[in-house]
Amino acid sequence: MHDLGNMNKKNHKIAEELFKTSSQKHFNKNEVEALIHTYFSLFEGVKMDRNQFRDILHGTFNMTEDLLMDRVFRAFDKDSDSYICLSEWVEGLSIFIRGTLDERIEYAFTVYDLNGDGYISREEMFQMLKNSLVKQPTEEDPDEGIKDLVELTLKKMDIDHDSRLSKADFETAVKTEPLLLEVFGPCLPDEKCATLFEEQVFHSKKF
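Everything numeric in this text was worked out from a predicted model, so none of it was measured.

Under the local residue numbering, the UniProt record ascribes the feature "domain: EF-hand" (unreviewed entry) to residues 64-99 and 100-135. Between the C-alpha atoms that bound residues 64-99 the distance is 22 Å, and the span itself is 67% helix and 6% strand.

Set out below in structure tokens:
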């Protein structure tokens, strides 16, 4: 019991510090403390690695696409050390669960820009759409159908007509038609999963 009290005090202190220094804007101090409690109870004080993070994306947020889960991990892992530290966990979830449209646009673009060059190319679109579309046996060449889909997407979203999507293209298109936010595959939780996560972490403190 004494250890538990010490741990709660420690979590409270870490939460105070993280709340002051973190860039996140959507969690209050108690919620930050609950996220810290969850992190430590899941990983017992060690940093979260890629596989552990993927398990959470799959088990809690119903994500199944390997390529996109890897890209979500990279979006959370701001310092690119292949681990999600406490501040990355809190800041990443702030946008993942409660982000504004602008924050989610920025996040989704980072996820979809596979090589990090500031553009979503035809090849990247093809790769993501090929991976995320339901595989159904058909007599037609599925690659041709995906290529057609890429062209349709470019026609709708490529505002400056340079055959690739810049962040400005992506933002303009999504603000015009918000359903395009996850056009290349699911990279954000649906409302049901996000609400369930919040209930488990913030209200029951069991996860």
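We now examine the packing of aromatic side chains. By the definition in use, this model includes 13 aromatic pairs. When the centroid spacing of 5.6 Å and the interplanar angle of 70° are considered together, the rings of Y39 and F43 count as edge-to-face. Taken together, the residues Y39 and F43, both in helix α2 (residues 29-43) and 4 residues apart, mark about one turn of the helix. Here the aromatic rings of Y112 and F184 are separated by 5.3 Å at their centres, their planes lie at 85°, and the arrangement is edge-to-face. With a gap of 72 residues between them, Y112 in helix α6 (residues 101-112) and F184 in the loop between α9 (167-176) and α10 (191-204) connect regions that are remote in the sequence. Both residues of the pair, Y112 and F184, count as buried. Put simply, the rings of F53, F61, F73, F76, F96, Y107 and F197 pair up and form one aromatic cluster. Cation over ring: R164 sits above Y119, and NZ or CZ is 3.4 Å from the ring centre.

What follows covers the domain arrangement of the protein. Segmenting the protein into domains produces domain 1 (2-99 + 190-203) and domain 2 (101-182). The C-alpha centroid of domain 2 is placed 28 Å from the C-alpha centroid of domain 1. Listed per partner, the contact involves 11 residues of domain 1 and 13 residues of domain 2. Contact with domain 2 buries area across many residues of domain 1, yet L67, R71 and I95 alone supply 45% of it, more than any other trio. At the boundary of domain 1 with domain 2, the tally comes to 1 salt bridge. Among the ionic pairs, K25 bridges to E103, the shortest N-O distance being 3.6 Å. Remark: the boundary between domain 1 and domain 2 carries 6 residue pairs in polar contact (both at pLDDT 80 or more). At the level of secondary structure, the elements contributing two or more residues to the side of domain 1 that touches domain 2 comprise α4 (66-76) and α5 (86-98). A total of 5 residues in the side of domain 1 that touches domain 2 trace back to one element, the largest contributor, which is α4. Broken down by class, the residue content of the side of domain 1 that touches domain 2 amounts to 6 nonpolar, 2 polar and 3 charged.

Further remarks concern a nonpolar patch on the surface. On the surface, a cluster of nonpolar side chains totalling about 240 Å² of accessible area is made up of L133, L149 and L152. For L149, the position within the fold is in helix α8 (residues 142-157).

Quick look at the confidence of the model for the protein now. Scored by pLDDT, the protein has a mean of 89; 90% of the residues are at 70 or more. Predicted confidence for residues 1-5 stays below pLDDT 50, and this span has 0 contacts to residues more than four positions away or in other chains.

Here we take up the pattern of salt bridges. Enumeration over the complete set of coordinates arrives at 15 salt bridges. For K147, the salt bridge goes to E144, with nearest N and O atoms at 3.6 Å. Of this pair, K147 and E144 are both found in helix α8, 3 residues apart, which corresponds to roughly one turn of the helix. The exposure class assigned to K147 is partly exposed, which follows from its relative accessible area of 42%. With a shortest N-O distance of 3.3 Å, R164 and D162 are connected by a salt bridge. Each member of the salt-bridge network shares a partner with another, and the members are E31, R98 and E198.

What counts as what
- Residues numbered from 1 in each chain as written.
- Predicted model: local features only at pLDDT ≥ 70, side-chain atom pairs only at ≥ 80, totals over all residues.
- Heavy atoms only, no water.
- UniProt positions renumbered as here; feature names shortened; annotations may be inferred.
- Helix = DSSP H or I, 4+ residues; strand = E, 2+ residues; numbered from the N terminus.
- Phe/Tyr/Trp six-rings, centres within 6.5 Å; stacked < 30°, edge-to-face > 60°.
- Buried < 20%, exposed > 50% of the residue type's maximum accessible area, 1.4 Å probe, protein only.
- Lys NZ or Arg CZ within 6 Å of the ring centre and 35° of its normal.
- Domains from an automatic or database assignment.
- Contact = heavy atoms within 4.5 Å.
- Buried area = accessible area lost by both parts, 1.4 Å probe.
- Salt bridge = Lys/Arg side-chain N within 4 Å of Asp/Glu carboxyl O.
- Polar contact = N/O pair within 3.5 Å; in protein donor to acceptor, adjacent residues only side chain to side chain.
- Nonpolar A, V, L, I, M, F, W, Y, C, P; charged D, E, K, R; others polar.
- Patch = residues over 30% accessible without salt bridge, like charges linked within 9 Å, V, L, I, M, F, W, Y side chains within 5 Å.
- Areas by Shrake-Rupley, 256 points an atom, 1.4 Å probe, with all protein chains shown as cover.
- pLDDT = per-residue confidence, 0-100.

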